[in-house]
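# Chain and residue survey
As a plain string of letters, each chain reads:
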Amino acid sequence: MVGQKDIDDSDIDLFVLKDDLRRPVERNRHVRRLLSGIVHPIDIFVRTPDEYDRLRNVVGSLPYEAAHEGRVLYERGPRKGRPVSIASRRLRRLSRLS
């Protein structure tokens, strides 16, 4: 069971799918700037659709966790069956408390 203290002490893992040719660190920096107004601790992971497709069935990988444990927060529209962004299990716990 997750209590409010667990949520307050936890960060949010945000997994974002984005067509972007920049290096992963630059992609993460770009999305972090877009979300700079969020005061809750957040870890951002930006991957391309190809990176996601390659690893979504590899147990233990971040794309695997996002595909099997995550929750879609925003979807711009279906693109070959892939969501645009996915949040992980920690965010799902936050949404249950609200």
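Residues numbered from 1 in each chain as written. Predicted model: local features only at pLDDT ≥ 70, side-chain atom pairs only at ≥ 80, totals over all residues. Heavy atoms only, no water.

## Overview of the overall build of the protein chain
Basically, it comes down to this: Where helices and strands are cited, they refer to DSSP runs of H or I of at least four residues and of E of at least two residues respectively, numbered from the N terminus. Buried, partly exposed and exposed residues are distinguished by accessible area as a fraction of the type maximum, computed with a 1.4 Å probe on protein chains only: under 20%, between the cut-offs, and over 50%, respectively. In short, Shrake-Rupley with a 1.4 Å probe defines the accessible areas, and a residue's cover is counted only from the protein chains shown.
Each helix and strand counted, the protein chain has five helices and four strands in total. The linear arrangement of helices and strands in the protein chain, starting from the amino end, is α-β-α-β-α-α-β-β-α. Across the 98 residues in the protein chain, those meeting the buried criterion constitute 32%. Of the roughly 6,600 Å² of accessible surface on the protein chain, a fraction of 52% belongs to carbon and sulfur atoms.

## Brief notes about the pairing of strand 1 (residues 12–17)
Two faces belong to every sheet, and in a regular strand the side chains alternate between them. Under the convention used in this document: A pair of strands is treated as paired once DSSP finds two or more bridges between them.
Burial runs high along strand 1: six of the six residues are buried. Alternating positions in strand 1 separate into two faces, Ile12, Leu14 and Val16 on one and Asp13, Phe15 and Leu17 on the other, with burial throughout. Of the pairings in the sheet, the one linking strand 1 to strand 2 (residues 42–47) comprises six bridges and is parallel in character. Within the sheet, the bridge partner assigned to Ile12 lies in strand 2 and is Ile42.

## Here we look at the pairing of strand 2
Rules: The definition of a right-handed crossover adopted here requires that, viewed with the strands pointing away, the path from the first strand over the helix to the second runs clockwise.
What you see with strand 2 is a clean split: Ile42, Ile44 and Val46 sit on the buried side and Asp43, Phe45 and Arg47 on the side with no burial. Where the polypeptide runs from strand 1 across helix 2 (residues 24–34) and back to strand 2, its parallel neighbour, the crossover connection is right-handed.

## Here we look at helix 2
The periodicity of an α-helix, 3.6 residues per turn, causes residues three or four positions apart to be oriented the same way. We apply this condition: To obtain the arc, one takes the directions from the helix axis to the C-beta atoms. Contacts between residues were defined by any pair of non-hydrogen atoms, one from each residue, lying within 4.5 Å.
Within helix 2 the residues assigned to the buried category are Arg27, Asn28 and Val31. Buried residues along helix 2 cover an arc of 95 degrees about the axis, so they all sit on one side. Looking at the buried side of helix 2, the elements it contacts are strand 1, strand 2 and helix 3 (49–55).

## Side note on the pattern of salt bridges
Note the following rule: The term salt bridge refers to a side-chain nitrogen of Lys or Arg lying within 4 Å of a carboxyl oxygen of Asp or Glu.
Throughout the structure, instances matching the rule amount to five salt bridges. Among the ionic pairs, Asp53 bridges to Arg56, the shortest N-O distance being 3.4 Å. Given the relative accessible area of 30%, Asp53 is considered partly exposed. When its relative accessible area of 31% is taken as the criterion, Arg56 is described as partly exposed.

## Topic: the nonpolar core
The line we're drawing: Grouping buried Ala, Val, Leu, Ile, Met, Phe, Trp, Tyr and Cys residues that are joined through side-chain atoms within 4.5 Å yields what is termed a nonpolar core.
Counting seven residues, the largest nonpolar core is built from Ile12, Leu14, Val16, Val31, Ile42, Ile44 and Val46. Those residues in contact with Val46, other than ones at most four positions away along the chain, are Val16, Lys18, Arg27, Asn28, Val31 and Glu51.

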